Every structure is written in structure tokens, then in C-alpha cells.
Amino acid sequence: TKGGTLTFDGTGNLTDNTASLQDLGALSISNNSTRTQTTAAKMTSLTIASGSTYDIAGNAFNFSASNTVANSGTFRLQGTSIETLTNVTNLGTAAGTVVYYGRNVAETITIKSFGGGTTTDYYNLTINDTNTNKATYVLGNALTLAGTAAGALTIASGDTFDLVGNNFSFSA
């Protein structure tokens, strides 16, 4: 993008078929749209506008250098180990929602912790596994949410969230 921003303002897929992942530069998801990754992707930054959604859909998500997601909308992920988050320091701690939704496999999925309890990990966190075969979502480290207790954590009916002896707190 030669220093500019690549803006997606309509719903569709993001696919990078290059052998060594092209750096897509600064990406912006806007206009109440949804963008779904169909392959691994690399970028310098990601901004998700309010009402918009970015879904990594079981693929690796990479920043070319250490960065945070500017998330005022929704960032969706299955949460599996193949969804590596390279150089990602968090998925939005000032606004926005991160949704874990599984992949129709009864497995244990560890909620990603970015600070091990020493920094805020998410603003709002939702576990919403609508699959027939549901995952169990667990903490691998202490986790802190920035939103208020009334809206920061949502666990859909029938989903399981296990602290596994780790601390869970709200910073607001």
C-alpha cells in the first residue's frame, strides 16, 4: 500500500496466496462490514471500526512488527493453536469485542493471554460456540478485561469457561 491504508468497506474474504505472505500494510475494516481471512495474512496494522468485524477463521494472523489491533468493532477467532498471532500485543483493550467461537470439535481451547495478568488482555470478551461439538475454553494464565463487569465477559448458554486456577479480573 506504499504507506497508505487499504480499506475494506464491504463484506468479503481476505486471501493471500503468495508463498511468503505479502505485507498488506495498514488495513481498515469499516462501514459495518465483515472481512474473513481464508489464508494466513500479514499486515502492519489493523483497525476495525464500530459495527464492523474481522474474522481470522482458523488462520494465522501476523503483524510485520509488534502492534495492537485498534478494535472498536469485533475480532473473531476459533482460538485453536493453528491461529498463531505473531507480533500481536493485544486484540483491543480500549474498545471492541473479541469473540471465540470454536470449530465444531470437542476440544480444549486456551484463551490467549497477552500480559499474563500484568496488563489488560481484552476490553470485551465473548465465548459463543454455536457448533454441535463444543469446545471447553480455559485460561492458561491470569486474564484481565478492561470493560465493566456488567458487559465485559459474555459466555453463551451451553458454553464452558474454566479458570483452571488462574486469576480473572476487571480493570474498570
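An account of the accompanying structure is given in this report. Everything quoted here is computed from the prediction, not taken from an experiment.

### A word on the overall build of the protein chain
Phase 1: When its secondary structure is counted, the protein chain shows zero helices and 19 strands.
Phase 2: In terms of overall dimensions, the protein chain is globule-like: its C-alpha atoms have a radius of gyration of 15 Å, near the 16 Å expected for 172 residues.
Phase 3: On the principal axes, the C-alpha backbone points of the protein chain span a range of 45 × 35 × 30 Å.
Phase 4: Residue burial in the protein chain is summarised as follows: out of 172 residues, 45% are buried.
Phase 5: When contacts within the protein chain are restricted to residue pairs at least 6 apart in sequence, long-range pairs at least 24 apart make up 47% of them.
Phase 6: Looking at the protein chain as shown, the accessible area adds up to about 7,700 Å², and 45% of this sits on carbon and sulfur atoms.

### Quick notes on the packing of aromatic side chains
Phase 1: A complete count under the given rule lists eight aromatic pairs for this structure.
Phase 2: With a centroid separation of 5.2 Å and an interplanar angle of 65°, the aromatic rings of phenylalanine 61 and phenylalanine 63 are classed as edge-to-face.
Phase 3: Residue phenylalanine 63 is classed as buried on the basis of its relative accessible area of 1%.
Phase 4: Centre to centre, the rings of tyrosine 100 and tyrosine 122 are 6.4 Å apart; their planes meet at 75°, and the pair counts as edge-to-face. Of the two residues, tyrosine 100 is situated in strand E12 (residues 97–100) and tyrosine 122 in the loop between strand E13 (108–111) and strand E14 (124–127); the sequence distance between them amounts to 22 residues.
Phase 5: On the accessibility criterion, tyrosine 100 (0% relative accessible area) is buried.
Phase 6: The rings of Tyr54, Phe61, Phe63 and Phe75 are connected pair by pair, giving a single aromatic cluster.
Phase 7: Residue placement shows arginine 76 over the ring face of tyrosine 101; its charged tip is 4.0 Å from the ring centre.

### What to know about the pairing of E13
Phase 1: Burial along E13 is one-sided: Ile109 and Ile111 are buried, and none of Thr108 and Thr110, which face the opposite way, are.
Phase 2: Where E13 and strand E15 (residues 136–139) come together, four bridges link them in parallel fashion. Across the sheet, residue threonine 108 finds its bridge partner in E15, namely threonine 136.

### Remarks on the pattern of salt bridges
Phase 1: Counted by the stated rule, this structure contains three salt bridges.
Phase 2: As a salt-bridge pair, arginine 76 and aspartate 55 come within 3.3 Å of each other at their nearest N and O atoms. Taken together, the residues arginine 76 in strand E10 (residues 74–77) and aspartate 55 in strand E7 (residues 53–55) connect sequence positions 21 residues apart.
Phase 3: Salt-bridge contacts for aspartate 159 lead to lysine 134; the nearest nitrogen and oxygen are separated by 3.4 Å. In this pair, aspartate 159 is assigned in the loop between strand E17 (153–155) and strand E18 (160–162) and lysine 134 in the loop between E14 and E15, connecting sequence segments 25 residues apart.
Phase 4: Since its relative accessible area comes to 11%, aspartate 159 is described here as buried.

### Some remarks on the sheet that holds strand E1 (residues 5–8)
Strand pairing in a sheet is mediated by backbone hydrogen bonds. Such pairs are either parallel or antiparallel.
Phase 1: Taken together, the four strands give an open sheet; going across it, the order is E1-E3-E6-E9, and neighbouring strands pair in parallel fashion. The open sheet has two free edges, formed respectively by E1 and strand E9 (70–71), since each of these has just one partner strand.
Phase 2: Pairing geometry for strand E6 (residues 45–48) and E9, over two bridges, is parallel. Note that in E9 the partner of isoleucine 48 across the bridge is asparagine 71.

Cut-offs and rules
Residues numbered from 1 in each chain as written. Predicted model: local features only at pLDDT ≥ 70, side-chain atom pairs only at ≥ 80, totals over all residues. Heavy atoms only, no water. Helix = DSSP H or I, 4+ residues; strand = E, 2+ residues; numbered from the N terminus. Rg over C-alpha atoms; globule rule 2.2 N^0.38 Å. Buried < 20%, exposed > 50% of the residue type's maximum accessible area, 1.4 Å probe, protein only. Contact = heavy atoms within 4.5 Å. Areas by Shrake-Rupley, 256 points an atom, 1.4 Å probe, with all protein chains shown as cover. Phe/Tyr/Trp six-rings, centres within 6.5 Å; stacked < 30°, edge-to-face > 60°. Lys NZ or Arg CZ within 6 Å of the ring centre and 35° of its normal. Pairing = 2+ DSSP bridges. Salt bridge = Lys/Arg side-chain N within 4 Å of Asp/Glu carboxyl O.

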